Structure formats: structure tokens, C-alpha cells
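Topology and contacts: notes
Spelled out, the chains give:
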Protein chains: 2
Amino acid sequence: MAIQFSNRLKDFAPSEIGEILEVTQKPEIISFAGGLPAPELFPIEDVKQACKTVLENQGAAALQYSTTEGYIPLRKQICERMKALDMESPVEDVIITTGSQQALDLTGKIFLDEGDVVICESPTYLAAINAFKTYQCKFVEIPMDDEGMSMVELEKSLKEYPHAKFIYTIPDFQNPTGRTLSLERRKKIIALANQYDIPIVEDNPYGAVRFAGEMLPPIKHFDTEGRVIYLSTFSKIFSPGLRLGWIYAAPHYIQRYIFLKESTDLHSNIFSQMITAAYMEAVDIEGHIDKIKEVYKERRNLMVDCIEREFPKDIHYTTPEGGLFLWVELPPQIDTKELFYKALKNNVAFVPGAPFYPNGGHKNAFRLNYSNMSNEKILEGMKRLGDVLKEVLDA
Amino acid sequence: MAIQFSNRLKDFAPSEIGEILEVTQKPEIISFAGGLPAPELFPIEDVKQACKTVLENQGAAALQYSTTEGYIPLRKQICERMKALDMESPVEDVIITTGSQQALDLTGKIFLDEGDVVICESPTYLAAINAFKTYQCKFVEIPMDDEGMSMVELEKSLKEYPHAKFIYTIPDFQNPTGRTLSLERRKKIIALANQYDIPIVEDNPYGAVRFAGEMLPPIKHFDTEGRVIYLSTFSKIFSPGLRLGWIYAAPHYIQRYIFLKESTDLHSNIFSQMITAAYMEAVDIEGHIDKIKEVYKERRNLMVDCIEREFPKDIHYTTPEGGLFLWVELPPQIDTKELFYKALKNNVAFVPGAPFYPNGGHKNAFRLNYSNMSNEKILEGMKRLGDVLKEVLDA
């Protein structure tokens, strides 16, 4: 049979990262490779109560078809929470998505034709690369330092690619680096976007999980022209299994997101939207997030202590003020994919950095996740990883 | 601001059908326009029990990230149910989707580039048209009669469009017409697909809700070459609000669906997958479906009686043996969109038929939904509609 798939599948191959995550599943391996929240913090009892409340009070509506835009009480609660993050949004400008991943997919759908340019951080979020790639775009990577994307390099690229479709950025505790865009650069990026007339897609899944330093206003806060599309999610502050995220953007964007979301999955799971709304109605979610912050802070501290103690000295690493990840850069001659297989033999795992660079290269970095592992396992796993690194770097 | 959206949005306009459904929401209107299951039949108490079971036994896993393919126990239960429908599937060939709508979107993503041809029934499911259109395809419509798609016309089109990407068909109680593809034509369509080497996308959301006539094997049952992609859903037999559907297809398709689903929404809501599995474990879902069939049969019978009694004689209508819809064809001079606004004044609504024809035309038909309305309202609504029709047709 000669099946003619679409051009977007012409380079189809099983995902390398998928294979990597697969081999890290063995019970003897301590894996810092994944990106999962700490499951022991999920508010299971509160969710049970919320299910009961929803099914008793509005059971038929919770199980029926619903609207593409999402459940209004939940969208109102999102607007309330965003106020505390320096954003004032009318409820109409916020829609619910099936996780933040759907917001990324719809963003590709809305903006991208084959050959279009997306400007992004270097490195950037792997699943965003994959979502945008589906629409056959090109990526222009902007180098970062510990204050985030370089504004000098960004401006160069804006000049070089005047038809670029949007700037994609994760300003808070970026995946994979854990870096945060400085206040000054937040003001600069919106000024540049205004000057070069380009939308910004501000992906902010981690912002609410800041456990150190001072809260910075989102880029959206400085947006006077309705050009920032702000994406966020309940995955890091409540539950990823329920697949609920949201988009906050001006009507000229939102009406197109709604239009394309309708043909993509009609609407997001309404029962889960109602559960989340009932949970936030009944429980102080900020108190719950405080617990998450406390645990993640302790784990990050422990991981950083271990790096200081167990790793060779000629490496660079980030010390994130929130989120789930930190980033380690090794001398340029080290290929972290080879290192990955050595580490695996020592029963410890991480994600090699190369797949986070959409145009390839950069083989000498890796990502560590600290949110999903007990203190005990962090201590033991980092010792194992330190041994491998010493062996490789001293060789 | 000069926003450059993708070419797929160049004809963007608020959906006509959305506006139509919007105006039918007023409480004084009896609406046969929607396509909702009967909410009074949702097994709310059983779902409550299933939530409790899931959260008590596997709460952390229910709220955590999960796999793109879907929850294995649910996929096994789907295979069990499909056996009773004459399909033998290994669990690996079945994946969970975020409603059947996502399966349609992913089908477009997998197969379609700009200008590609999709062969479909005339008329066909509106939301499938919209999903495929997003990938900028063309539609070749195959006329139907009361035994479904014409095989003579299909073969003509297969000859005329040898590069068509797939045949899209809803063989059981089609939306919008309620028609069912005859057994003979099921054998013929797979023979033609084999001969002309083209995949078939068999969309079967309603097949399990057959309340009259004899069960026919799905087209997939006759598929010896792995070319039929079978789509179905829990929306009509359990709950649409949970957004759970599935795809059953050969590995060369399934691995690509998984690949693109991952970048589309990572995975479907795992809590809802576990609830559905726990429900099917605890309760006899076939008994539940029997109740749905009984109610829908009664409503269909009532609606058909009303048509016979209240409608003018020079119309054609279908008498579906299952599903949610029937289809009314008026003399060619009648424009059912104009009729819609007249009906609205008489506080009754339907969906005009034109949007179900991807290439336009065919203004003289409309769709009626009987699943979502009490007997009392069917009687009163059909009387109101009959009055409008008599006025228009006698004029």
C-alpha cells in the first residue's frame, strides 16, 4: 500500500527524547530526566471533595458538551489570580485550553505556514519546538545568558527577519535552563516588539512557582498594544493529569484561537474545569502553591549543594529561583548524549541538551529536574552523576 | 498592528452555525438544532462512585502526567467492546483521543497538505469539514441515497482523483442524514479502496446506539489490508463532557497519530480515562446503552409520527435506525436558512442543511435532533414547525 502522508511527516521518526525517557523508567535508575511535578503534593482529598460537589450540584452539565471558550466561573478565577501577577484581564480575553500544549499547537496553527520564521530562546522548550515544527516553520535562535534572551541579538534578528511571525519566550524559570528574563529586558523586549511590529508569545507555566528572589511582572503587564499572547497552565500548581491551561490575549487573537480550537477538540474537559473551579472555590490554592514552593526550594537547594560538592569544578550551572529545572553546561568537547549512556550504566539519568536547540548543535549541556525526587534520591543520584562526570572530565 | 496570520485563516469569519446555535438558546425556543445526548440519562451516581474508586486507589497517577497512547486498561476495555462489533484489535492498535473531534483533526494533520482531495459523503459531518479544512484541502462530495454513499459515483471520483488522500465516511446513522451504509456497499467500499489503493476513515460515533434493524459489521471488519482507520467515542454512550474518543488503526497509521498527538496535547485527561475504565469495570455499560436506545427510539418514533401528521406531504425524510438525527428534504425552491428565521419566530429551531455540504449549494434540507428533547417538547415543537412548513409550502 502506498500511503501518502502529509509533508509535515516527511521526516517522521520515533522521537529520540521518547526513547531516552523510556530507558530511564527502570526502577534501579534515579532519573532527573522527566519534568513531572511532585505527586505526593497533589491535593487528592480536596479533588475528591470537589468531584462530589460538582456531581451533586451540576452533574448533568459536568458530563454534557460545553462551550469552546471554557467554563466562565473558572475563567473568572483565572482573571482573579492573574491580577495578583500584575495583569488585568476581562474574562472574554481568557479561554481554556487542553493543557498549555494545546495553546502551543493552536499558536502554530494560527500563525505558521511552511517556511515561516519563529524567533525563540536558545535553548528552548522541546515540546514547543515540536508543536511549531508541525506547521513546517524555521527557527531563529537567540542566545541567552543568566538574565535570559540577549536583547542585542534579538534586535539583530528582528532586523534580519522582518517577516518573522512571533517571538516565543518563557521568561520565568525557563525550560530547560531555569533562567529568568530580567526586569530591564522585559521592558526592552516589549519595546522591540512594538518597534518591529511583531507578536510575543509569553509561555508562563512556572511563574507561580517562584521560591526565591522577587516576583517580576510578566511581559504581558507592559503590553499596551495587545500584542502579547500569554499562556499558562494548572499543570504545575494543581494537576497536569486534568490537562487544563489557558490563553490570555486581545480579542483579535482570542477569536481566532476559539475558531481553531473548535475544530481541534470542540472544548476542553468540562468536568475537570468544574472540579478545578470547585477546588479553588473551596480551598486556598495559594496556600497549596506555598507548599509546592517550599518543597521545590528544598530540593533545588539540595541539588545545588550536591553540584558544588560532587561535580568537577570546570562546569557552569544555573540556580533557578523557581520552576522545576536547572541546566548544566560542560566543556565544549563533551557530548552529553554519550555521557547519558555512561550515566545510565551508573543508574542515574538526565536529559541531554541538544534536542532543546531547534537547529541542532550544542551537545555539551544537560537538564536536571529536581521537583520529582525525594531528598534521599537527590543525594544518591547526584553522587552517582558526580562520579560519572569526574571520570569523564578527568579523562 | 499588522498581524500576519497563517493562510488557513485567510477566510476567517465567525461561524455561521455558531450564530445559529446561539439564537436557539432562548428558553422559549424548542430547539432541534443541537446534537446533544439526553442529559437525564447520564449515570451521575455511577460516575461519583468511579471518581471515589480512582482517587482512593490511584489518586496520584490520576492527577499526574501520563502517556500519549492512553490508559492501557481503558484501551483493553475498548478492544473487548469492539469484539462485539466484529472487530479484533490488539491493544497497541488503539489509542485514546481527546474526543472524536481530535481524531478528525489529527487525521487532517497526518494526511493533508494544501490542495489535497478528501472524498466524503454529500452531505457530511460539519465539524469534520471544519477539521479537514484547517489543512486547506478540497472536498469531492459523493451523492447518497437511503443506502448511503453511491458506490457508482464513488468509483467515478476515485478514477477522476487518483491522488485523493482518503475516503471519509460515517456508515452508521450518519450525521446529518441518519442514513446507514448497506451491507452490500460496505463490502463494495472496501473493495474499491483496495482496488484504488486509498485509505478509508470510518467515523463511527453512533454505531453502538442502534435501536432498530439489524447490526451491520463496520467497514473495518472487512479490512484485510490495514487501510481502514476506525474512529469512535464515549460521547454518545457515556459522557461527551469527558472528551474521550479512540482511534483503531494499523501500526503504520497509529505511530504517526501518536507522534502528532504528543505535540497537540501531550495526552488526554488521565483522570477521566481512569473514571471511564472504573465505570466500565463496575457497571454493565451495555445495560446503560440499552436505556439510551430505548429512550432515543421512543423519541425518533414520536418525531416521525409528528412529521407524518404535521408536515406537508411533498417532503422527503429519513427514518434512522439509530443515532441522534433525522434529515428532511423540501422541494428545491425552498431555502431552509430563510425557513430557519421563520421557524425562530414561531419559537422552534433546526439546523439548515447547507453547511453540511462542503462545496455549498443544497439549500433545501434541514437536520432535526431528537435525542435531547422530552416527548412533550417534541410534540409541541413539531407542531410549531409543521405550521411554518405548511405556511411556506402552501404559499
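A brief report on the enclosed structure follows. (Residues numbered from 1 in each chain as written. Chains lettered and ligands numbered in written order. Predicted model: local features only at pLDDT ≥ 70, side-chain atom pairs only at ≥ 80, totals over all residues. Heavy atoms only, no water.)

1. A closer look at the pairing of strand β11 (residues 325-329) of chain A
All names here are of chain A.
- Buried residues dominate β11, accounting for 4 of its 5 residues.
- As paired strands, strand β10 (residues 316-317) and β11 are joined by 2 bridges and run antiparallel to one another. Within β11, the position partnered with H316 by the bridge is E329.
- Pairing analysis gives 5 bridges linking β11 to strand β14 (residues 365-369), with the strands arranged antiparallel. If you follow E329 over to β14, its bridge partner there is A365. (Buried < 20%, exposed > 50% of the residue type's maximum accessible area, 1.4 Å probe, protein only. Helix = DSSP H or I, 4+ residues; strand = E, 2+ residues; numbered from the N terminus. Pairing = 2+ DSSP bridges.)

2. A short note on helix α6 (residues 151-160) of chain B
All names here are of chain B.
- Within the span of α6, buried status applies to M151, L154, S157 and L158. Across the axial projection of α6, the buried residues extend over an arc of 120°, all falling on one side. Residues of α6 that are exposed and angled more than 90 degrees away from the buried face: V152, K159 and E160.
- Buried residues belonging to α6 abut β3 (117-122), β4 (138-145), β5 (148-149), β6 (166-169) and α7 (183-196).
- Where α6 begins, the side chain of S150 points an oxygen toward the backbone nitrogen of V152, at a separation of 3.4 Å. (Arc of directions from axis to C-beta. Contact = heavy atoms within 4.5 Å. Polar contact = N/O pair within 3.5 Å; in protein donor to acceptor, adjacent residues only side chain to side chain.)

3. A few points about empty space enclosed by the protein
- All told, the structure shown has 7 cavities of 30 Å³ or more when counted by the stated rule.
- Space inside the largest cavity adds up to approximately 140 Å³.
- Lining of the largest cavity is provided by 16 residues; of these, B:L85, B:N204, B:G207, B:A208 and B:Y230 occupy positions nearest its centre.
- It is strand β8 (residues 228-233) of chain B that contributes the most residues to the lining of the largest cavity, 3 residues altogether.
- Grouping the constituent residues of the lining of the largest cavity by class yields 10 nonpolar, 4 polar and 2 charged.
- By volume, the second largest cavity is sized at about 90 Å³.
- Lining the second largest cavity are A:R81, A:M82, A:L85, A:N204, A:P205, A:G207, A:A208, A:Y230, A:S232, A:T233, A:I237 and A:W246.
- At the level of secondary structure, the elements contributing two or more residues to the lining of the second largest cavity comprise α3 (72-84) and β8 (228-233) of chain A. (1 Å grid on protein atoms, 1.4 Å probe; cavity = no way out; pocket = protein on both sides within 12 Å on 5 of 7 lines; lining within 4 Å. Points joined across faces, edges and corners; volume = space filled by probe spheres on them. Nonpolar A, V, L, I, M, F, W, Y, C, P; charged D, E, K, R; others polar.)

4. So, the relation of the copies chain B and chain A
- The two copies are related by a screw motion: chain B maps onto chain A through a turn of 180° and a shift of 0.0 Å along the axis, at an RMSD of 0.0 Å. Considering both components of the superposition, the chain copies are consistent with a two-fold axis. (Least-squares fit on C-alpha atoms with pLDDT ≥ 70 in both.)

5. Focus: the interface of chain B and chain A
- On the side of chain A, 73 residues touch chain B, which itself brings 73 residues to the contact.
- Across the chain B to chain A interface the summed buried area is about 6,400 Å²; carbon plus sulfur atoms make up 64%.
- When residues of chain B are sorted by the area they lose upon contact with chain A, B:M1, B:L63 and B:Y65 head the list and together hold 11% of the total.
- Across the chain B-chain A interface, the total number found is 4 salt bridges.
- Here B:D105 ties to A:K109 by a salt bridge, and the two come within 2.7 Å at their closest N and O atoms.
- Where chain B meets chain A, there are 43 residue pairs in polar contact (both at pLDDT 80 or more).
- Listed by contribution, the elements that provide at least two residues to the side of chain B that touches chain A are α2 (44-63), α4 (99-111), α5 (126-133), α8 (251-265) and α9 (270-282) of chain B.
- By residue class, the composition of the side of chain B that touches chain A is 33 nonpolar, 25 polar and 15 charged. (Buried area = accessible area lost by both parts, 1.4 Å probe. Salt bridge = Lys/Arg side-chain N within 4 Å of Asp/Glu carboxyl O.)

6. Some thoughts on the sheet that holds strand β2 (residues 94-97) of chain A
- In space, the 8 strands of this open sheet follow the order β2-β9-β8-β7-β6-β3-β4-β5 (chain A), with mixed pairing throughout. One side of each edge strand has no neighbouring strand; the edge strands of this open sheet are β2 and β5 (148-149) of chain A.

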